[in-house]
Amino acid sequence: AQKITQTQPGMFVQEKEAVTLDCTYDTSDQSYGLFWYKQPSSGEMIFLIYQGSYDEQNATEGRYSLNFQKARKSANLVISASQLGDSAMYFCAMREAGDSGGGADGLTFGKGTHLIIQP
Amino acid sequence: DSGVTQTPKHLITATGQRVTLRCSPRSGDLSVYWYQQSLDQGLQFLIQYYNGEERAKGNILERFSAQQFPDLHSELNLSSLELGDSALYFCASSPGSGGLYTQYFGPGTRLTVL
């Protein structure tokens with residue numbers, strides 16, 4: 001079963017608008033981490049933001065914020081005031097702590113959302 | 001710049017050959033992870049080492065192996081290469097082994113098997 005689902009394969013957004021990238025996840029662990037990474041056309045994977053399952057506040061990092069809704073198992077990335085340089089692939093990822101008996105593993109990634117910012 | 005280095009940046013080789021990819025983690029990080037990114041499989045976790053010991057294994061083929069050395073750099077060895085092994089291979093590092101540490105990725109090695 002897919003553990004991370006990103007339902008938007010591609011998005012076009014006007015520059016300076018806010019954008020929300022969707023991510024839902026599936027886990028039976030109580031302790032887990034949710035991550036967003038950006039991959040520009042150059043190929044590198046850039047860490048953007050992290051949310052722990054026990055964090056009560058939504059994470060924020062500059063123009064990035066994570067809308068964490070634990071009961072809905074959703075961890076959407078919000079980019080405020082989008083810029084042309086935000087055009088890239090965005091990946092949602094999860095790492096489970098392994099407290100449900102499965103053991104800690106690497107990051108599980110979604111298929112990504114290709115975001116294009118238009119001037 | 002994440003502080004994680006990977007060499008080489010590009011590698012072109014033929015089917016049946018063996019290659020070694022090298023990774024140096026961020027200063028102070030004890031965990032190294034390897035990932036494969038391909039068009040059909042997406043981003044997949046291969047293997048994790050923590051302070052020289054194998055800690056977790058993902059979808060790593062038997063033809064692939066890895067190790068982490070005392071200076072904490074890691075190597076991923078790919079043998080009997082097939083066309084389908086063409087992919088972008090990432091190394092990532094984190095301070096500890098647990099699930100809640102952020103993993104910082106290197107620039108990747110793009111492997112092309114002809």
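On a predicted model such as this, the values are computed, not experimentally measured, just so you know.

A. Highlighting the overall build of chain A. What chain A contains, in helices and strands, is zero helices and 12 strands. Sequence-ordered secondary structure for chain A, helices as α and strands as β, is β-β-β-β-β-β-β-β-β-β-β-β. Relative to its length of 119 residues, chain A is compact, with a C-alpha radius of gyration of 14 Å against a globular reference of 14 Å. The principal-axis extent of the C-alpha atoms belonging to chain A is close to 50 × 30 × 20 Å. Classification of the 119 residues of chain A by burial places 47% in the buried group. In chain A, of all internal contacts separated by at least 6 residues, the share reaching a separation of at least 24 is 57%. In the form shown here, chain A has an accessible surface area of approximately 5,700 Å², with 48% of it arising from carbon and sulfur atoms. For chain A, the separation between the mean place of its 9 positive charges and that of its 13 negative charges on side chains is 3 Å.

B. Up close: the packing of aromatic side chains. All names here are of chain B. Under the criterion given, the structure shown has 14 aromatic pairs over all chains. With centroids separated by 5.8 Å and ring planes inclined at 80°, the aromatic side chains of F90 and F105 adopt a geometry described as edge-to-face. On the criterion of sequence distance, the pair formed by F90 in strand β9 (residues 87-94) and F105 in strand β10 (residues 104-105) is long-range, its members being 15 residues apart. Given the relative accessible area of 3%, F105 is considered buried.

C. Broad picture of the environment of L43 of chain B. On the secondary structure map, L43 of chain B appears in strand β5 (residues 42-50). Taking relative accessible area as the criterion, L43 of chain B reaches 8% and is therefore assigned buried. When near neighbours in sequence (up to four residues on either side) are disregarded, L43 of chain B contacts M45, F91 and F109 of chain A together with Y35, Q36, Q37 and F90 of chain B.

D. Region of the structure containing the sheet that holds strand β8 (residues 74-78) of chain B. Residues and elements named next belong to chain B. Pairing in this open sheet of four strands is antiparallel, and the strands run β1-β3-β8-β7 from one edge to the other. In the strand order of this sheet, the two ends are held by β1 (5-7) and β7 (64-68), each with one partner. Along the sheet, successive strands turn relative to each other by an average axial angle of 15°, direction set aside.

E. Representation of the side chain of S79 of chain B within the structure. Residue and element names in this part refer to chain B. Relative to the helices and strands, S79 resides in the loop between β8 and β9. A distance of 2.8 Å separates a polar atom in the side chain of S79 from the backbone oxygen of R63. If we ignore the near neighbours within four places in the chain, the residues touching S79 are Q17, R18, R63 and F64.

F. Looking closely at the pattern of salt bridges. The full count for this structure, using the stated rule, is six salt bridges over all chains. Among the salt bridges present, the one from D26 of chain A reaches K73 of chain A, with a minimum N-O distance of 3.8 Å. Of this pair, D26 of chain A sits in the loop between β4 (24-25) and β5 (32-39) while K73 of chain A sits in the loop between β8 (64-69) and β9 (74-79); the two residues are 47 residues apart in sequence, bridging distant segments of the chain. Exposure remark for K73 of chain A: the relative accessible area of 28% places this residue in the partly exposed category. The residue D86 of chain A makes a salt bridge to R63 of chain A at a minimum N-O spacing of 2.8 Å. Placement of the pair is D86 of chain A in the loop between β9 and β10 (88-96) and R63 of chain A in the loop between β7 (60-61) and β8, with a sequence separation of 23 residues. Linked through salt bridges whose partners overlap, the residues forming this network are R63, E82 and D85 of chain B.

Conventions and cut-offs
- Residues numbered from 1 in each chain as written.
- Chains lettered and ligands numbered in written order.
- Predicted model: local features only at pLDDT ≥ 70, side-chain atom pairs only at ≥ 80, totals over all residues.
- Heavy atoms only, no water.
- Helix = DSSP H or I, 4+ residues; strand = E, 2+ residues; numbered from the N terminus.
- Rg over C-alpha atoms; globule rule 2.2 N^0.38 Å.
- Buried < 20%, exposed > 50% of the residue type's maximum accessible area, 1.4 Å probe, protein only.
- Contact = heavy atoms within 4.5 Å.
- Areas by Shrake-Rupley, 256 points an atom, 1.4 Å probe, with all protein chains shown as cover.
- Lys, Arg positive; Asp, Glu negative; His and termini not counted.
- Charge placed at Lys NZ, Arg CZ, Asp CG, Glu CD.
- Phe/Tyr/Trp six-rings, centres within 6.5 Å; stacked < 30°, edge-to-face > 60°.
- Pairing = 2+ DSSP bridges.
- Axes fitted to C-alpha atoms, helices over the stretch in contact; angles between N-to-C directions.
- Polar contact = N/O pair within 3.5 Å; in protein donor to acceptor, adjacent residues only side chain to side chain.
- Salt bridge = Lys/Arg side-chain N within 4 Å of Asp/Glu carboxyl O.

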